[in-house]
Structure formats: C-alpha cells, structure tokens
Amino acid sequence: MDNKKPKKPFYALPENIPTSAQIVNAARSSLRTFDTKRPNTPREEQRHLFPTSTNRAPETRPPSAFSLTSRHFEGPDSRPVSGTRLSPLDYHPKPISPLDCENILVPRPPPIDLSKAPARRGSGNRSKLPSSGEGSESSLIRSGQGDELTYTESSGEKATIGSSDLSEDSFDAKTSLPSGNAGDSRESSAGSQRSHCDGNVDVPSEPEDVYTRDVEPLVVELSSLKKKDCKRIYELAGLLYDALDKHNCLTKQFEHRANLLKTIFKLLDVEEPRVVLKLVRLILAFKVAGNNLLNVCKLIFKIGRSDKNDIYFLEDNLLNLLLETIRATDVTHSWEALIYLVGAVKFLTGNADILKRLAKLDCIKTLALLMHSINKVNGNSEKPGEQFGHILVQLTAALRNLADTSSGRDRFLTHNVIDGLVLVMETYSGDSDLMMYISRILSKSTLHTDCCSVLANLPQFYKAFVSLLKRHLMKDDLVVRLCFVIGNLTIKNDAARLKLFHESNSIETLLLILKTYLELDQQGRTRAYGPEEDFSGSVDKGETQVSKVEDVLIKVMRVIANLTINEEVGTAISKNSEFMKLLLKIIDEKDIIHHEEVIINAVVAINNLSYYIINNQSQIGLQLNIAQSLLKLLMINNMEGILEAARVFGNLTRHKQVRDYLSQNKVDAIMVTLLDSNNRELVYIACGVLINFMLDEEKRPILKKEGGIKKLLEVLRDFGKEDWQLSACVCKVLVNYSCRIHSSTNSFGQEEAIELSELLTEYIDKDMALGDSLANVDDDEMKEYIEDVWHEEFYSIGSQLLKRIVSHLSPLEPLEAPS
C-alpha cells in the first residue's frame, strides 16, 4: 500500500503555488461557494391590477377601477367599437316613382286573433300575447315559402328571419325584455312555429321539447325576478346551468342562446357577488365574445379584487370556465378582456385553497400557452405590443404564486415556462413591473437544480441578465433578485460561470453594481429607489435587519465569489484590483455585530480572490492589507467571522512576509487556541493555517509552547476514525512541525510521542481503523468509498509521521515498529 502513491515530502511546496485548499482536502477547499437567503417579497395588502409602485403612465394602462352595470352588456357577441369611421359608399340610388313604391310596399295584413290559434305545448301558465286590438305594434305571418317568417311593422316595412338561426347581433344595447314574458318573446320564433302546408299540425322536435319542458319555465321565472330576489336568482341560475349542460345546450349554436343571455344580462345588477358569479358562470359557458366578453371579464376582475369573495370561486366549475375562457380567447383581438381575466386569476392565486385547485387544473399550462402565444405574435411583429405587456404582468404575477405549488416545478419544466420567460425578458426589458415578476419567479425556481440547468443552458439569458442590470441599476428590488438568480446558477454550474464571464460587459457590470451600492451605503441610504426603509420595531431579538442596499451588496458579492470558483474567471477577476479594494472597504467600514451577513459574504469573496494572488513583491502590499483588515474578526466573539477569516489566512500564509506579519499579531497562537473549539470545521481550518506556519522553523516552538501538541492529539483521538480528512490535517501539522527532528521526546514530549505512536499504529492498520465503520455498512460502493478516503487522505501521511516518530525515539524507550 505504501507504493500506491508516489513518495514525496508533504512539506515540499509544489511549483504551482499551493494554497491551503491544496494542502488540506478539496472537500474543505478555501475556495468555496456560499448561499444566501432569497429576497423577501412582502404580500400586498390590497389587490391591484398593476403594482402600486408601477411606472406605467395612467393613460397607457387599462383602468383598475371602473363602473359596470347590466346596461354595458349588449346583444350577444356584438363587436367592440373600433373608433374608426368608415368612408361612405360611392353609391347614388335611382329616384323611385310613387308607382314603384306601391309595388315595393307590402299591404298590411289583417289582425290575427291569437285567442283562436291552437294552444302551444307547455304554454299553459303563460299570459297571452296582446292581440292587434290590444295595441299590438307588430305581428308575425308566414310567407308560405318553407319555414320563413315575415316580421311586419306598422310602417309596412318587411324583413325575413331564418327558421333555424336568430342573429345574436339582432338585439339593440338598449332593448330589454318585457318583465315576466321572456318565454313569450320567443313565441313567434321559427323554432316554435310549425309548417301547416300539408294541413297537419307538426309534432315539436326533440330539442324544442327539451327547451319547452326543462329550460323555458326556468327562464320565464328568472326573467320575472328583481335584483332583490338574490336567493331565488342563485337557485334558478344553478338549475338553468344544469339543465342546459345536461342537454349539451351551452354552445354558440343553441337556438335560444340570445334570449337567455339577454335575460341573464338584465340581472347582473344584483348586489350579491355570489349570485353574480352564478350568472357569470352561464355567460362564460355560452362563450360570449366582443364587448360582452370584455365586460364579463371586468366583472370577474371586480369581484375578485375582494378576498372576501374568494370562497365563491371554489363553487361548481367556475375556475374551470375561467381557464377555458383564457385558452379560447384570441389574444390579438380580445387582449383587453385577457388583461382583466388573467388579472382575476392573479388575485385568486393569492388564496391558498384556490391555488391548490388551480394547480390541479394545470393553470400553469394555460398561462404558459398564453405566454408562448404572445411571444409568437411579438416575434412576427416589428414592435412588441404594449397591450401584451399588460397581460404578461398579470400572467407572471400568477405564475409567481403557482411556482410554490408541489407540482409547480415539474409543470414549469414540462411547459417550457422558463424558456418563455427569458424570451419575455428580451422583448420587454424596459418594463420594470414585468421584469420584477419574472425575477421573482426565477428566484423561486432556481432554488432547484433542474430549473437552474434549464436556465443556464439558455444563451440569451446571460445577455438579457446583463442588459437588465445595466438598464435598471437603481431598481434595488429588481437588481437584488437578478443577482440572486445568477448566484443560484453559478453556485454549482461551472458552465454558467464561464458563459456569464464571457458575456460582453458582464464583469464590468458586476463591478459597477458593487461600487454604486457601496457608495449608497456610505451615504447612509437604505434604498436606491423609493422611500427609505424604517427598521424601528421590525427587528426580532437577536436578529439584524438588512437594508435593500446591503442586500444588493450581499447578492452581488455572492455572484463574484461563485464566479471565481472557475480558475479562468477567478484569475481574470483577481487581476482587477478594484474588486478587492471595494471588498476591503466594506470590511473596514462595517462592524460584524450589526452587519454580520454583509461582512461574512465580503470575506468569502475576498477568500476566493486571494486564492489567485501570485507570490511576488507587487502583491505583497495587497496581501498585507487584507491580513490587516481581517485581524479584527479574530478579536470578536463571532464564530462565522473567525471561521471565514481563518480561511483567508490559509491562502495568505503561503507567503513568508504575511506569515511574519500575522505571527507578530499572535495569529499563530490564536490558531492553536482554536484547536479547542467544538466546531470541527473551525478546527480543520485552524490546522490548515498551522500547516503553513510550521514551514518556518522560528515559528514552530509556539505550537508546543501553547499546548498545541496535546490539543492535536486530542483532536486525533476524538475525531480520528470519524473524520479521516481532519486526522490527515493534524498529521500534516505535525509533519511540518517535526521537519528537523532529532528526538521525538524532545519534539513532542515523552507521553505525547508514545500516545501518538500508539494511535497512528492503530490508524494505519486497515482492519483496526475501518472495522467498525465497514461493519455498519451494507452497500459495497459505500465500503469502497470509505476505504478510498482512508487510504487517499490519511494512510500515506499517517505512515510518514509514525515512521518519523518511531525512528527518533530514545533507545531507552524502545518501541516496536509496525510490521
């Protein structure tokens, strides 16, 4: 086993400038990434169409408050007013003579006595239509040509109505049905009339039977109700929906659809939201279009603004209908309706129960399809539509909430949500509201490795990221989230580090953020944009509140630290002295008691940059400045601060002049003291620093003087078989310490030398060292891993130290060498 690795003195420094990360194990490298908390997003107290801090000019965005009554609803599916006047036709009619008029006008028919007409099935409870003698202004007669009817006004003008289709646009916006006679308004329609050409009375067809039996009575009663009859309206609306749905009548082709909608529209002034939603359910099911679609979406939005109404959206299949309407609506023609409808969905995702229901209904898929549709339309246009940006604000706000659901991450990946969001980032980079919501979504999704991988593999993301940071530099809420996202990408993904580094102006932009926000911090600013933050009374005992400016500093320093894990990137950034100067300024100007997270993250970034500092005279001054700034962290009772400062000293103590300076300030003695710590990681780092100190002969006595030999023995005894990396680190300190040994007793102490030799004899014996560990493991691969760690990390250095101790023991104290 001794020949498995090439024999090489441990204390011989490699030619490629070692660091403590190379001396100690790579798993506890001094180069390290670090994580941080996701930026807090306070929940808005009120529901708004756009954020209260929006930069959208009022004249460019749809109103979030509006007046809406039943009078706003029109003849079903009427088109919205375009605002464009048509040019008059170039048409000059020929003059009509009185003789021609006589030929055109149809003689007025004699009055029809309806009381003598055959009774219509199912009309027994309905009042009769008024006869001509009772003031009737119009009547219906048959033309004798098939099932065509002639509608005759008192003026004598004639129009025809098809027997199987009644146009939904035939109703004027101001037309209303006579109260209590909704059913009578259809008495004269072709669907309820039968041809008598053969002299026989027709039997009503089956669909008409269904309508007359199951639907018409409900419509008649519904039309007779007033808005105060909330309870009955609610019941009838439910029964009507069930009856129509049962017979597949909720379609645009349904013959009586127009009259039904007119009846429903009249009742929309009812004040009870639950009842209104029951009526809205019918309207959506009939798939209205035009102004009616816009107005019903506004109505849904208006009701959804109050969280008190959330529970009503869970009734029946209303949520299904909302999503179906979104999927069926043409984004180019009905974009305003979608703004309000998706806005309502956004409100509803703030309710935990509704959020779960929407997740089960795959709301993410519906919103993703809408987003992809908008991206496609924009891709085919010269300029992205501002109105689509309004929709996307609502859409991304809803996705932000849906990202928290249990199936959210899988749905995001399945429906390519992240890809679509990046495309939106490119298209609407100037829309800070939209960019904020997207950054919040990515902040959540990139907490997961699979989402990070997708985002990291999108080349356009890096360009969009840098562009947004530059464009919105003073938008601290946005900058902090963008930096958090890119920090998540670079924490593990080395390809992402390189892609960001090679993106034009990326490093310069990170430096600009660091410099700008440090200047704001020095000015005492807590926000870069907007009102200053008030921390009074908001801080829990034992915790410190981080301002927005500080939070940006934390997140951008995390990006820098993570980027420098890559050697190419780290080498390049370390050559820019501005980074180190700004980081040291943070250390010098802040105290760790009140600004712990800021200080710790600055030290981590300094540590990673110091890894690449070359050993020449031009860099000594910088290294001494770093050492001087970090000394204060060893004097404060803050375990994290001490640990991170010690990591940096592990890098800096490669160089003799720095070791001399730190030794003069008792850092070597402090490291010996830290060997008593209960924090195993801190003990490990302290050992790493002592390895470098023990390279200098004049500094070796401090180890024994401060009781370091005994402390190292205790570490070896307490953690030896549990942590072979730490055990190896202890041995490396002792190997460097005993480089010029003449007597083991004199170097280590008699008792210490004997105990060391006994422990090492046991530890380099595979069966004795690993017997207990392997006995508790069933997996063969895990057993192999444990053996490899022991052999690679400990065996060689442990054998070297044991051999040295045994060979220099006094003849008066013979010790049998291991076989």
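The coordinates are above.
Here the structure is a predicted model, which means the values were calculated and not measured.

Caption draft 1: Local environment of the state of the cysteines. Tallied over the full model, the rule gives zero disulfides. Note on Cys451: no disulfide assigned, nearest cysteine sulfur contributed by Cys452 at a separation of 7.4 Å. You can call Cys451 buried: its relative accessible area is 1%. Here Cys729 is not cross-linked by a disulfide; its sulfur's nearest cysteine counterpart is in Cys687, at 4.6 Å.

Caption draft 2: Seen up close, a negative patch on the surface. A cluster of acidic side chains, namely Asp778, Asp779, Asp780, Glu781, Glu784 and Asp788, defines a negative patch on the protein surface. Relative to the elements of secondary structure, Glu781 occurs in helix α36 (residues 780-807).

Caption draft 3: Layout of the pattern of salt bridges. Counted by the stated rule, this structure contains 32 salt bridges. Among the salt bridges present, the one from Asp214 reaches Arg213, with a minimum N-O distance of 3.1 Å. The exposure class assigned to Asp214 is partly exposed, which follows from its relative accessible area of 23%. Bridged by salt links that share partners, the residues Lys656, Arg659, Asp660, Asp696, Glu698 and Lys699 form one connected network.

Caption draft 4: Broad picture of unusual backbone geometry. One non-glycine residue, Asp362, lies in positive phi territory at about 60 degrees. Tracing the backbone shows Asp362 in the loop between α10 (352-360) and α11 (363-379). Relative accessible area serves as the criterion here: at 14%, Asp362 is assigned to the buried category. The phi dihedral of Asn505 falls on the positive side, at around 70 degrees, and the residue is not glycine. Within the fold, Asn505 resides in the loop between α19 (494-502) and α20 (506-522).

Caption draft 5: Local environment of the packing of aromatic side chains. Evaluated as defined, the whole model comprises twelve aromatic pairs. Aromatic pair Tyr611 and Tyr612: ring centres 4.9 Å apart, planes at 65 degrees, arrangement edge-to-face. The ring of Tyr241 has Arg281 lying over it, and the distance from NZ or CZ to the ring centre is 3.6 Å.

Caption draft 6: Representation of the environment of Thr516. Mapped onto the elements, Thr516 comes out in helix α20. Its relative accessible area of 14% is what places Thr516 among the buried residues. Not counting the four nearest positions on each side in its chain, Thr516 is found in contact with Leu473 and Met474. Only 2.7 Å separates the side chain of Thr516 from the backbone oxygen of Leu512, close enough to count as a polar contact.

Caption draft 7: Structural detail: the packing of helix α8 (residues 318-328) against helix α9 (residues 335-348). Orientation of α8 relative to α9, taken along the N-to-C sense of each, is 140 degrees, at an axis distance of 10 Å. Judged by the twist between their axes, the crossing of α8 over α9 is left-handed. Contact with α8, carried on its side by Leu319, Leu322, Thr325 and Ile326, involves Leu338, Leu341, Val342, Val345 and Leu348 of α9 and no other residues of that element. Looking at the contact of α8 with α9 residue by residue, the class counts come to eight nonpolar, one polar and no charged.

Calculation criteria
Along each chain, numbering runs from 1 in the same order as the chain's sequence is written. pLDDT decides what is reported in this predicted model: residues at 70 or higher carry local features, side-chain atom pairs at 80 or more are listed and counted, and totals for whole chains, interfaces and linings draw on all residues regardless. The side-chain values count all of the structure's non-hydrogen atoms but skip hydrogen atoms and water molecules. Disulfides are defined as pairs of cysteine sulfur atoms found within 2.5 Å of each other. The buried label applies to any residue whose accessible area, calculated with a 1.4 Å probe on protein chains only, is under 20% of its type's maximum; exposed applies above 50%, and partly exposed to all values in between. Excluding any residue in a salt bridge, patches collect residues exceeding 30% relative accessible area, merging like charges within 9 Å and nonpolar Val, Leu, Ile, Met, Phe, Trp and Tyr side chains within 5 Å. To be clear on the numbers: accessible area is Shrake-Rupley with a 1.4 Å probe, and residue cover counts the displayed protein chains and nothing else. Any Lys or Arg side-chain nitrogen located within 4 Å of an Asp or Glu carboxyl oxygen qualifies as a salt bridge. Just so you know, the count uses Lys and Arg for positive and Asp and Glu for negative, and it drops His and the chain ends. Throughout, a charge is located at the NZ atom of Lys, the CZ atom of Arg, the CG atom of Asp or the CD atom of Glu. The secondary structure listing takes helices from DSSP runs of H or I that are at least 4 residues long and strands from runs of E that are at least 2 residues long, numbered from the N terminus. Classification of ring pairs rests on two measures: the distance between centres of Phe, Tyr or Trp rings, Trp counted by its six-membered ring, which must be within 6.5 Å, and the angle between planes, read as stacked under 30 degrees, edge-to-face over 60 and tilted in between. The criterion is that NZ of a Lys, or CZ of an Arg, lies within 6 Å of the ring centre and within 35 degrees of the ring normal, and then a charge sits over that ring. Contacts are residue-level and defined by heavy atoms, with any inter-residue pair within 4.5 Å sufficient. N or O atoms closer than or at 3.5 Å make up a polar contact, with two conditions inside protein: a donor-capable atom paired with an acceptor-capable one, and, for residues adjacent in sequence, both atoms drawn from side chains. For helices, the axis comes from a line fit to the C-alpha atoms of the stretch in contact; other axes are also lines fit to C-alpha atoms, and the angle between any two N-to-C directions lies between 0 and 180 degrees. Crossing handedness is read from the near helix: turned anticlockwise from the far helix by less than a right angle, it gives a left-handed crossing, and turned clockwise, a right-handed one. Residues are grouped as follows: Ala, Val, Leu, Ile, Met, Phe, Trp, Tyr, Cys and Pro are nonpolar; Asp, Glu, Lys and Arg are charged; every other residue, Gly included, is polar.

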